[in-house]
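Fold and geometry: a report
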Amino acid sequence: VRHGETEMGRNRFLCGQTDEPLNSQGLKQIEYLGERLAVTHVDAIYSSDLQRAWATAQAVATPHHIAVTACPEMREMDFGQCEGLTFAQVEKRYPDVARLWLARSPMLAYPGGESLDHFAQRVNSLSIRLQKHKATDTVVLAAHLGSLRLLLCLLLGIPRQHWWQFQLDYASLSTVETQPRGVNPESDGQAMLLSLNDTSHLT
């Protein structure tokens, strides 16, 4: 699940690792998300440790009486000196960054922040945490647009330069079914995307 709305996000400022809370709309969104998942069996809940994702995870966890596990590796990308800027401001101050951004280049890196390669390596480390789960476990992960996009690429075996092609709205739900190794040779260790960017609970 992606976290609910924030003021920086609503006003289209780059909000990476700034620990911004949800706004009033975001709080309503995660309430509806929690109600949606209250009837779903959940074995574990993980979350980025930034408060906008953490509050989202807590809304899901409360009906299930499950503790949330913090995952700093699932924080949003570190935008460095571009943090808190709009795209127009980035374009003016850091034209090379804006050019790579518009080109969807895998060489994208933010001054004083992260490159896409480093970001992908960080998100990839989550897979080590998930290996302890049984094949039948249902795991909820609350995180951010960038980290969830990269995780989808990782799980589905899609080259990470296509990460921007996943649309994930605030408080949206996407579902991936992973296949355990050694069960079906044709789909050994692969994953299937069952739903993407589901926001029906918000309407």
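Residues numbered from 1 in each chain as written. Predicted model: local features only at pLDDT ≥ 70, side-chain atom pairs only at ≥ 80, totals over all residues. Heavy atoms only, no water.

Another point: the overall build of the protein chain. On a plain count of helices and strands, the protein chain comes out with 8 helices and 5 strands. Going from the N terminus to the C terminus, the protein chain shows its helices and strands as α-α-β-α-β-α-α-α-α-β-α-β-β. Relative to the 2.2 N^0.38 estimate, which gives 17 Å for 203 residues, the radius of gyration of the protein chain is 17 Å and therefore close to what a compact globule would have. Counting over 203 residues, the protein chain shows a buried share of 40%. Restricting the contact set of the protein chain to residue pairs at least 6 apart, pairs at least 24 apart contribute 65%. Looking at the protein chain as shown, the accessible area adds up to about 10600 Å², and 52% of this sits on carbon and sulfur atoms. Placing the 18 positive and 22 negative side-chain charges of the protein chain at their respective mean positions leaves the two points 4 Å apart. (Helix = DSSP H or I, 4+ residues; strand = E, 2+ residues; numbered from the N terminus. Rg over C-alpha atoms; globule rule 2.2 N^0.38 Å. Buried < 20%, exposed > 50% of the residue type's maximum accessible area, 1.4 Å probe, protein only. Contact = heavy atoms within 4.5 Å. Areas by Shrake-Rupley, 256 points an atom, 1.4 Å probe, with all protein chains shown as cover. Lys, Arg positive; Asp, Glu negative; His and termini not counted. Charge placed at Lys NZ, Arg CZ, Asp CG, Glu CD.)

At their nearest, the axes of helix α2 (residues 24–37) and helix α3 (residues 51–61) sit 8 Å apart, and the two run at 35 degrees to each other. Two packed elements cross with a definite hand, and for α2 against α3 that hand is right-handed. Where α2 abuts α3, its residues I30, L33, G34 and L37 lie against A55, T56, A59 and V60. Across the contact of α2 with α3, the residue classes tally to 6 nonpolar, 2 polar and no charged. (Axes fitted to C-alpha atoms, helices over the stretch in contact; angles between N-to-C directions. Left-handed = near helix turned anticlockwise from the far one by under 90°. Nonpolar A, V, L, I, M, F, W, Y, C, P; charged D, E, K, R; others polar.)

Let us look at the state of the cysteines. Going through the model one piece at a time under the given rule, you end up with 0 disulfides. No disulfide involves C82; its sulfur sits 14 Å from the nearest other cysteine sulfur, which is in C15. (Disulfide = S-S within 2.5 Å.)

Our next topic: α2. Helix length check: α2 (14 residues) gives 20 Å between terminal C-alpha atoms against 20 Å at 1.5 Å per residue, within 8%. When α2 is considered as a whole, its buried residues turn out to be G26, Q29, I30, L33, G34 and L37. The buried residues of α2 all sit within an arc of 140 degrees when viewed along its axis, so they share a single face. Looking at the buried residues of α2, the elements they touch are α3 and β4 (173–178). Here α2 starts with a cap whose side-chain oxygen sits 3.1 Å from the backbone nitrogen of Q25, and that cap is N23. (Expected span 1.5 Å × (residues − 1). Arc of directions from axis to C-beta. Polar contact = N/O pair within 3.5 Å; in protein donor to acceptor, adjacent residues only side chain to side chain.)

For S195, the position within the fold is in strand β5 (residues 191–198). Between the C-alpha atom of S195 and that of E177, which follows or precedes it by 18 residues, the distance is 9.7 Å. When near neighbours in sequence (up to four residues on either side) are disregarded, S195 contacts L173, S174 and T175.

Counted by the stated rule, this structure contains 3 aromatic pairs. Ring centres 4.9 Å apart and planes at 80 degrees place the aromatic pair F79 and Y110 in the edge-to-face group. Of this pair, F79 sits in the loop between β2 (68–70) and α4 (87–93) while Y110 sits in the loop between α5 (95–102) and α6 (116–124), placing them 31 residues apart in sequence. Side by side, F79 and Y110 carry an identical accessibility label, which is buried. Ring centres of F87 and W101 lie 4.7 Å apart, and the angle between their planes is 85 degrees; this geometry places the pair in the edge-to-face category. (Phe/Tyr/Trp six-rings, centres within 6.5 Å; stacked < 30°, edge-to-face > 60°.)

Function-wise, these values are silent; they only describe arrangement.
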